[in-house]
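Secondary and tertiary structure notes
Next come the chains, spelled out residue by residue.
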Amino acid sequence: MNILSIETSCDETSVALLTDTALTHLTASQIDVHRITGGIVPEVAAREHVQVITPLVEEVITQSGLTQKDIDRIAVTSGPGLITSLMVGVETARTLGFTWNIPVFPINHIEGHIAANFLENDDIEFPAVALVVSGGHTELLYVPEPGTYELIGATRDDAAGECFDKCARILGLQYPGGPEISREAKAGNAQAYDFPRPMIDSKNYDFSFSGLKTAVLYFHRDNPNAPLVDVCASAEAAIAEVLVFKTKRAVKEYKAKSLLVGGGVAANQLLRTKLAELDASLYIPEPEYCTDNAAMIAAACKFHDEPNAELFDFKADPNWELTPR
Ligand code: KG4
Ligand code: ZN
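Along each chain, residue indices are assigned from 1 in the same order as the chain's sequence is written. Following the order in which they are written, the chains are lettered starting with A and the ligands numbered starting with 1. Only residues with pLDDT of 70 or above have their local features reported here, since the model is predicted, and side-chain atom pairs are shown and tallied only from 80 upward, although totals for entire chains, interfaces and linings are computed over all residues. The side-chain numbers reported here are obtained from all heavy atoms of the structure, hydrogens and water having been left aside.

As for the coordination of the zinc ion (ligand 2)
Tetrahedral coordination by four donors places them ideally at 109.5 degrees to one another around the metal; octahedral coordination by six donors ideally gives 90 or 180 degrees. Using the following cut-off: Here a donor is an N, O or S atom found within 2.8 Å of the metal, or within 3.2 Å if the metal is Na, K or Ca; sites may look incomplete because water is not among the atoms. Here a strand is any run of E in DSSP of at least two residues, a helix any run of H or I of at least four, and the numbering for each starts at the N terminus.
Note on the zinc ion (ligand 2): its protein donors are His109 (NE2), His113 (NE2) and Asp292 (OD). The metal-donor distances range over 2.0 to 2.1 Å. Read in sequence order, the donor residues for the zinc ion (ligand 2) give the motif H-x3-H-x178-D. A residue pair is termed long-range when its members are at least 10 positions apart, and histidine 109 in helix H4 (residues 109-115) and aspartate 292 in the loop between helix H10 (287-290) and helix H11 (295-301) qualify at 183 residues.

In structure tokens:
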């Protein structure tokens, strides 16, 4: 099975070609463009996608050593995400599928982040619990078998990545904030400041990060000369602690054999280290496959092996929930 996949849900234009034996994968990042505005302007992101998507598809096919005739299906992120960004990928995929007369599969972005773990592992044991932590989502899911999901908890306000990004902005660091805070934190003392661990004692699996961001805002306003490295280390520790605490509890309660972690925040080294002490097998993709990428979309497509799939009858859906509450 040779799958061409496209991911344009946010600010990375990514194309991959996954075969049974090889992966060709290219991502054109828009980070430099969005740094100018300190965050993503959706129309700007969509225009950037339009400019690079076709050359990227051609380049991936060339680099794979295959031709268009070898491609069996196309997988594309069709939600959730920014509508204008999603539309570029979806319409490109539908046009290619129509022209090449092959099926096009709409893939949920969150499922893609979970599926990234299957790129390098084919012996994952179930049931599993999945933690998806990105700029737009913070979700805990029960995964009884590949491709089946039950939402057990989610953020009630900001996502963990959003919290990193907003804290970074408050502290005068660049976009995206996660890697910046993490870099500063390496030289800091995580015990220096006692930022809140929101909802850590709540009985459910929900999260809340907006209060933590506000705590960092007020702290910085009142203590502008506090060492940046210590503020970053303390904020990073607070975010990681809540995520790790609730995730470990979910793994235990659901008797999960595996924990599947995904999303941009899963690239965070502290989180990776803290999650390691676990009574289940821990899977976290390489950082390149934690942040948005098309390879994970091809991997998720394998969960949907419907031989008589509709060809291209779907639209971009910015609010597509993997598992409605
Ligand atoms: O999954 P992703 O690439 O895009 C979305 O689906 O949102 O995640 C992007 C998020 C951003 O908020 C970024 O700050 C965060 O992931 N991120 C990190 C790290 N690398 C990326 N957060 C913490 N530590 C990192 N090393
Ligand atoms: Zn993502």
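There's plenty left to go through after this.
Details of the site of ligand 1
As a reminder of what qualifies: Here, proximity means that at least one heavy atom of the residue falls within 4 Å of the molecule or strand. Polar contacts here mean pairs of N or O atoms no more than 3.5 Å apart (in protein, one a potential hydrogen donor and the other a potential acceptor; neighbouring residues in sequence count only if both atoms are side-chain atoms). For accessible areas, the Shrake-Rupley method is used with a probe of radius 1.4 Å. Any residue's cover is judged against the shown protein chains and nothing else. Classification used: nonpolar for Ala, Val, Leu, Ile, Met, Phe, Trp, Tyr, Cys and Pro, charged for Asp, Glu, Lys and Arg, polar for all others including Gly. These domain limits were set by an automatic method or by a database of domain assignments.
What surrounds ligand 1 is a group of 20 residues, the closest being Gly135, Asp165, Gly178, Gly264 and Asp292. Note that a nitrogen atom of ligand 1 is positioned 3.1 Å from one of the side-chain N or O atoms of asparagine 268. Protein chains shield 89% of the accessible area of ligand 1, which is 550 Å² for the free molecule. Class assignment for the residues of the shell around ligand 1 results in six nonpolar, twelve polar and two charged. Of the residues that make up the shell around ligand 1, three or more belong to each of domain 1 (3-114 + 290-301) and domain 2 (123-284).

Here's the deal with the nonpolar core
Our working definition: Nonpolar cores were defined as sets of buried Ala, Val, Leu, Ile, Met, Phe, Trp, Tyr and Cys residues, with membership established by side-chain atoms within 4.5 Å. Exposure categories follow from relative accessible area, calculated using a 1.4 Å probe and restricted to protein chains: below 20% of the type maximum is buried, above 50% is exposed, and the middle band is partly exposed. In what follows, residue pairs with any heavy atoms lying within 4.5 Å of each other are defined as contacts.
Membership of the largest hydrophobic core comes to 46 residues, with the highest contact counts inside it found for Val133, Leu140, Phe195, Phe209, Ile239, Leu243 and Leu275. Counting only elements with at least two residues in this core, the list comes to strand E6 (128-133), strand E7 (138-145), helix H5 (160-170), helix H6 (177-185), helix H7 (210-222), helix H8 (228-253), strand E9 (258-262) and helix H9 (269-275). Considering each element in turn, this core owes the most residues, eleven residues, to H8. Sequence-distant contacts of phenylalanine 195, defined by excluding residues within four places in its chain, comprise Leu212, Ala215, Val216, Phe219, Val231, Ser234, Ala235 and Ala238. Ranked by size, the runner-up nonpolar core spans 24 residues in total, among them Ile6, Val57, Ile74 and Trp100.

Description of the sheet that holds strand E3 (residues 23-29)
Hydrogen bonding along the main chain pairs the strands of a sheet, whether they run parallel or antiparallel. Counted only if it meets this: Note on pairing: DSSP must find at least two bridges between two strands before they are called paired. Angles run from 0 to 180 degrees between N-to-C directions of axes, and those axes are lines fitted to C-alpha atoms, restricted for helices to the stretch in contact.
Spatially, the five strands line up as an open sheet ordered E3-E2-E1-E4-E5, and their pairing is mixed. The open sheet has two free edges, formed respectively by E3 and strand E5 (104-108), since each of these has just one partner strand. Geometrically, the sheet is characterised by an average inter-axis angle of 20 degrees between neighbouring strands, direction not taken into account. Two strands pair when backbone bridges link them, and strand E1 (residues 3-7) and strand E2 (residues 12-18) are joined in this way by five bridges, in the antiparallel orientation.

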